[in-house]
Structure formats: C-alpha cells, structure tokens
Amino acid sequence: MQRRGSSPSAPSRPALGRREQDALATRQALIDAGRQLFSARGYARVATEEIVERAKVTRGALYHHFRDKRDLFRAVFESVEQDLIGRIAASMDGVTDSWDVLRTGLRAMLDACNEPAVKQIGLVDAPAVLGWREWREIDERYGLGLLRAALGAAMDAGVLRRVPVDALAYVMLGALTEAAFVVANADDPATARRETEAALIGMLEGMRAKPAA
C-alpha cells in the first residue's frame, strides 16, 4: 500500500533477456578477475591473457566490453570505490549523533586503507594508470556526496560551525585522501593509522560549533 504523501511507484523495468544477462555476467566476470589479479600483483604485472583465463571468457569478450586493459582497470577501480563507499555508508547507518557519524565514517575509511584492493588498486595504481585528473574525478564522484551529506547534517544539528558545505567537503576529502596515502605507504601502518586519525579528528574539532552562552 502506498504511504501517505509518497510518490507513485516508478514503472518496473522489463526483465533482461538471456543475451543481456549473459553480457552483464561476462562483464562482471572480467571485472572480478581483474580486481583479484590487480589487487594481488598490481596493474603492470598482470597480462590480459591471465584476466580472460581467470574470468573463463575469450579474449574477444574482453575487447567487446572494454577498449583495452586500462579501460578494464578503470571499471575495476570504480567497483572498488563503489564497494568502499557502500561499506562506509553502512558503518554510519544507525548512528544518530552527527558528531559520531563523522568519526565513524572517518575511521571506516582509514580502516580500509590497507585492504589489498583499496591499497593497490585505489591508492597505488589508479593515480598512475588513469592519471591524477581522472583518478580524482572518480574519487570525488563516489566519496564527495557521502561526505557532503554528513558534514551538512552536522551543521544542521549545530555540531559544526556553518560554513560553505561544498568547500568544506572538498577540503576534508583531500585530507582524507592524503591520510589514506600515508597509512597505505607507511612502514608502520598501525602507528600511521592512529596518528592520521588523531590529526583528522583534530581538524574536525576545530570546526565544532561553540555551545550557546
């Protein structure tokens, strides 16, 4: 039953035919294979022959869905980003205090920095393979919206001082990204993780709204 005030349900999409389902399955198999291999050995050490063998598809199927190995890597990186942001968002679900929401999301991001896919694909290979501009565009597309929403909610709740939320979101995303590089490349990841969290929390503490007199 439709709830009061809700919009009418969107029309359901027609079911995909067998050919479309097979095409999507093949594309996903290539992305999954690429993710496994790139995570384990890095982009430069993985050959396309290994990818199609792992995916159990033909070489022609690879070039039907992707222009080349770099194009496949881009899709793999997007899948890593989408999964990461989904997990960060899930960690924030059910947290009611706006300040705790920010800290929970920040910690979830830092916790992921040494996962093989996030570290190797997202923080080592992606900037080099895709170039800084394209890497940043993808990073912002997936991460900026969630960060903007959390910061905006904290301002609305009176937890953070009111400043232009888009500007603050870009600044914080840059700080989070740099912190991720520090943790992923540290000789002592545990110490780097602890120190970067303290620095980021300190930045947010500086933005906290003063209690009313």
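Refer to the structure above for everything that follows.
Attention in this report is confined to the structure presented alongside it.

## A word on the overall build of the chain
Next, step 1: When helices and strands are tallied, the chain shows nine helices and zero strands.
Next, step 2: Starting at the N terminus, the α and β elements of the chain follow one another as α-α-α-α-α-α-α-α-α.
Next, step 3: Projected onto the principal axes, the alpha-carbon positions of the chain cover approximately 70 × 55 × 25 Å.
Next, step 4: Per-residue burial over the chain gives 41% buried out of 213 residues.
Next, step 5: Of the contacts made within the chain by residues no fewer than 6 positions apart, 69% connect residues no fewer than 24 positions apart.
Next, step 6: When the accessible surface of the chain is summed, it comes to about 12,400 Å², and 53% of that surface belongs to carbon and sulfur atoms.
Next, step 7: For the chain, the separation between the mean place of its 30 positive charges and that of its 29 negative charges on side chains is 3 Å.

## Some thoughts on the pattern of salt bridges
Oppositely charged side chains can pair when the atoms bearing their charge come close.
Next, step 1: Within the structure shown, the criterion is met by 20 salt bridges.
Next, step 2: Residues Arg74 and Glu137 are paired through a salt bridge, measuring 3.6 Å at the closest nitrogen-oxygen approach. A residue pair is termed long-range when its members are at least 10 positions apart, and Arg74 in helix α4 (residues 69–92) and Glu137 in helix α7 (residues 132–156) qualify at 63 residues.
Next, step 3: Each of the salt bridges in this network shares a partner with another, and the network as a whole consists of Arg70, Arg74, Glu78, Glu134, Glu137 and Arg141.

## Brief notes about the nonpolar core
Next, step 1: Within the largest apolar cluster, 65 residues are counted, with the highest numbers of intra-cluster contacts made by Phe73 and Leu151.
Next, step 2: Going through the elements one at a time, α1 (18–41), α2 (48–55), α4, α5 (98–111), α6 (116–130), α7, α8 (165–185) and α9 (189–205) are the ones with two or more residues in this core.
Next, step 3: Element by element, the count of residues in this core is highest for α8, at eleven residues.
Next, step 4: If we ignore the near neighbours within four places in the chain, the residues touching Leu151 are Leu102, Leu160, Val165, Leu168, Ala169, Met172 and Leu204.

## Looking at the environment of Lys69
Next, step 1: Relative to the assigned elements, Lys69 resides in helix α4.
Next, step 2: Overall, the relative accessible area of 16% leaves Lys69 in the buried class.
Next, step 3: Between the C-alpha atoms of Lys69 and Gly34, which are 35 residues apart in sequence, the distance is 9.2 Å.
Next, step 4: Look past the residues within four positions of Lys69 in its chain and what remains in contact with it is Phe38, Tyr43, Ala44, Val46 and Thr48.
Next, step 5: In this structure the side chain of Lys69 is engaged in a polar contact, spanning 2.8 Å, whose partner is the backbone oxygen of Tyr43.

## Some points on α9
Next, step 1: In this model α9 runs 24 Å from its N-terminal to its C-terminal C-alpha over 17 residues, within 8% of the 24 Å that 1.5 Å per residue would give.
Next, step 2: Looking only at α9, the buried set comprises Ala192, Arg193, Thr196, Glu197, Leu200, Ile201 and Leu204. Take α9 and look down its axis: the buried residues cluster within an arc of 155°, on one side only. Those residues of α9 that are exposed and angled more than 90 degrees off the buried face are Arg194, Glu195 and Ala198.
Next, step 3: The elements touched by buried residues of α9 are α5, α7 and α8.

Criteria and cut-off values
Throughout this document, residue positions are counted from 1 along each chain, in the order its sequence is written. With the structure being a predicted model, the display of local features is reserved for residues of pLDDT at least 70 and the display and counting of side-chain atom pairs for 80 or more, all residues being used for whole-chain, interface and lining totals. Derived side-chain values reflect all non-hydrogen atoms in the structure, with water molecules and hydrogen atoms excluded from consideration. Think of it this way: any DSSP run of H or I at least four residues long counts as a helix, any run of E at least two long counts as a strand, and we number them from the N terminus. The buried label goes to any residue with under 20% of its type's maximum accessible area, the exposed label to any with over 50%, and the partly exposed label to all in between, with areas taken from a 1.4 Å probe on protein chains only. In what follows, a contact means two residues having at least one pair of non-hydrogen atoms within 4.5 Å. Residue-level accessible areas treat just the shown protein chains as cover; the underlying method is Shrake-Rupley with a 1.4 Å probe. Under the counting rule used here, the positive set is Lys and Arg, the negative set is Asp and Glu, and His together with the chain ends is not counted. Lysine's charge is taken at NZ, arginine's at CZ, aspartate's at CG and glutamate's at CD. By convention in these notes, a salt bridge is any Lys or Arg side-chain nitrogen within 4 Å of a carboxyl oxygen on Asp or Glu. Only buried Ala, Val, Leu, Ile, Met, Phe, Trp, Tyr and Cys residues count toward a nonpolar core, and they belong to the same one when joined by side-chain atoms within 4.5 Å. Distance and chemistry together define a polar contact, namely a pair of N or O atoms within 3.5 Å, with one atom able to donate a hydrogen and the other to accept it when in protein, and with adjacent residues in sequence counting only for side-chain atoms on both sides. Here, expected helix span is obtained from the residue count minus one, scaled by 1.5 Å. In this description, the arc belongs to the directions extending from the helix axis to the C-beta atoms.

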